[in-house]
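Notes for the structure review
This is what each chain is made of:
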Amino acid sequence: MSKDPAAAAPTRRALVSHLIRTRIAGDVATSRENNLDHYRELAEGNRYYWFGLDLGNRWTDQEAVLDLMAERCGVVPDAGHRSGQDTIDPELTVDALDRMAVVLHKAVENRSRVLLATGHPAGLYAVHHELAAALRAAGCTVITPAEHLYADGGEIRHLAAVSMLHRAGGLVHTHSPDPMREILTALERDGQAPPDLVVADHGWAGCAGGRGIDTVGFADCNDPALFVGEAEGSLLVTVPLDDNVPPHHYAPMTAYLLAAAGLPVPA
């Protein structure tokens, strides 16, 4: 049984307050120093920070990356702010959720084949799990990868149709695009079409978007690649948020997203 999405969801105003209170947005835990380090690494061509996207030589100016992140994520725009607190604009978070909802609604209308994956099994898995259940209930085909796929010294596993990387007895945090690359290669090898839509984060999203697959993702303020990808059209939507708060804090956000997409909220 599923619940009525509109009845279960917070209003926009209530959600913005919740995002600030739980530090999903607003004054977030990620430091300014960490953000600027990552923007510099991306600009200097460190592929680890590209999340599987091919950025060429188009983003070699660290200040241009900062400007983009101020515009799309809501970090402090002042280049002279070098240390201490940084921010995510909760209004931008909700705006992006609204755009993602449009994509999810279209996927339901088209009965799309959807792949969900996360590099944050202790955080964003809670969001992806609910989305997978709702999309399946609405008539989408939720893709699960073949067994015995390996990347980065681990095995790709799925829990409730959400793909993650397993290593040394546990699900692990990863930025790598290689697990998604392995999934897409396996689908092709098995004669299956690629997903119509990928819902993911980190390199899972970057790799899919870089392959030309319709992709929506979630990203923290220290992960500029997916915002760059959205700016360039490789990703349809990137939602700015702290991507590793206690998972139950994401529940109102997920309910809002499901309601905006017209999807059922699993009981």
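Residues numbered from 1 in each chain as written. Predicted model: local features only at pLDDT ≥ 70, side-chain atom pairs only at ≥ 80, totals over all residues. Heavy atoms only, no water.

Looking at an unreviewed UniProt entry, one finds the chain named Phosphatase, with Actinacidiphila paucisporea as its source organism.

Some remarks on the overall build of the chain
Counting its regular elements, the chain contains ten helices and 13 strands. On C-alpha atoms alone, the chain measures out to a radius of gyration of 17 Å, which is about the 18 Å that the 2.2 N^0.38 rule sets for 267 residues. The dimensions of the chain, computed from C-alpha atoms along their principal axes, are 50 × 45 × 35 Å. Counting over 267 residues, the chain shows a buried share of 53%. Of the contacts formed within the chain by residues at least 6 apart in sequence, a portion of 69% connects residues at least 24 apart. Put simply, the chain has 21 plus and 35 minus side-chain charges, and the middle of one group is 4 Å from the middle of the other. (Helix = DSSP H or I, 4+ residues; strand = E, 2+ residues; numbered from the N terminus. Rg over C-alpha atoms; globule rule 2.2 N^0.38 Å. Buried < 20%, exposed > 50% of the residue type's maximum accessible area, 1.4 Å probe, protein only. Contact = heavy atoms within 4.5 Å. Lys, Arg positive; Asp, Glu negative; His and termini not counted. Charge placed at Lys NZ, Arg CZ, Asp CG, Glu CD.)

Observations regarding the pairing of strand 11 (residues 215–219)
Here is the key point about a regular strand: its side chains alternate between the two faces of the sheet. For strand 11, the tally of buried residues reaches five of five residues, placing the bulk of the element in the interior. Here strand 11 shows no split at all, with Thr215, Gly217 and Ala219 on one side and Val216 and Phe218 on the other all buried. Note that strand 10 (residues 197–201) and strand 11 share four bridges and pair parallel. Counted as the bridge partner of Ala200 is Gly217 from strand 11. (Pairing = 2+ DSSP bridges.)

Some points on the side chain of Asp86
Here Asp86 lies in strand 3 (residues 85–88). On the basis of relative accessible area, Asp86 is assigned to the buried category, the value being 0%. At 2.9 Å, the side chain of Asp86 and the side chain of Asn35 are in polar contact. In this structure, Asp86 is in contact with Gly26, Asp27, Val28, Thr30, Ser31, Arg32, Asn35, Val75 and Val76, ignoring residues within four places of it in sequence. (Polar contact = N/O pair within 3.5 Å; in protein donor to acceptor, adjacent residues only side chain to side chain.)

Points about helix 8 (residues 202–210)
Here helix 8 lies mainly inside the structure; eight of its nine residues are buried. Restricting attention to buried positions, one finds in helix 8 the residues His202, Gly203, Trp204, Ala205, Gly206, Cys207, Ala208 and Gly209. Looking at the residues trailing helix 8, positive phi occurs at Gly212, about 85°.

Topic: the packing of helix 5 (residues 90–109) against helix 10 (residues 251–261)
It is the contact of helix 5 with helix 10, at a shortest axis distance of 8 Å, that shows an interaxial angle of 45°. Taken together, the axes of helix 5 and helix 10 lie oblique to each other. For the pair helix 5 and helix 10, the crossing hand works out as right-handed. Judged by residue contacts, Val94, Leu97, Asp98, Met100, Ala101, Leu104 and His105 of helix 5 engage Met253, Tyr256, Leu257, Ala260 and Ala261 from helix 10. Tallied by class, residues from the contact of helix 5 with helix 10 come to ten nonpolar, one polar and one charged. (Axes fitted to C-alpha atoms, helices over the stretch in contact; angles between N-to-C directions. Parallel < 35°, antiparallel > 145°, perpendicular 65-115°, else oblique. Left-handed = near helix turned anticlockwise from the far one by under 90°. Nonpolar A, V, L, I, M, F, W, Y, C, P; charged D, E, K, R; others polar.)

A few points about the nonpolar core
Ranked by internal contacts, the top residues of the largest apolar core, which has 89 residues, are Leu104, Leu131, Met180, Val199, Phe218 and Leu263. At nine residues, helix 5 tops the list of elements feeding residues into this core. Residue contacts for Met180: discarding those within four places in its chain leaves Leu115, Ala117, Val198, Gly203, Trp204, Cys207 and Ala208. (Core = buried A, V, L, I, M, F, W, Y, C linked by side-chain atoms within 4.5 Å.)

Examining a negative patch on the surface
Together, Asp61, Glu63, Asp67 and Glu71 give the surface a local cluster of negative charge. By secondary structure assignment, the location of Glu63 is in helix 4 (residues 62–72). (Patch = residues over 30% accessible without salt bridge, like charges linked within 9 Å, V, L, I, M, F, W, Y side chains within 5 Å. Areas by Shrake-Rupley, 256 points an atom, 1.4 Å probe, with all protein chains shown as cover. Salt bridge = Lys/Arg side-chain N within 4 Å of Asp/Glu carboxyl O.)

Re unusual backbone geometry
Its identity is not glycine, yet Asp152 carries a phi of approximately 50°, on the positive side. The partly exposed category is assigned to Asp152, whose relative accessible area is 31%. Backbone geometry places Ala160, a non-glycine residue, at a positive phi of 50°. Of the residues examined, Ala160 reaches a relative accessible area of 39% and is grouped as partly exposed.

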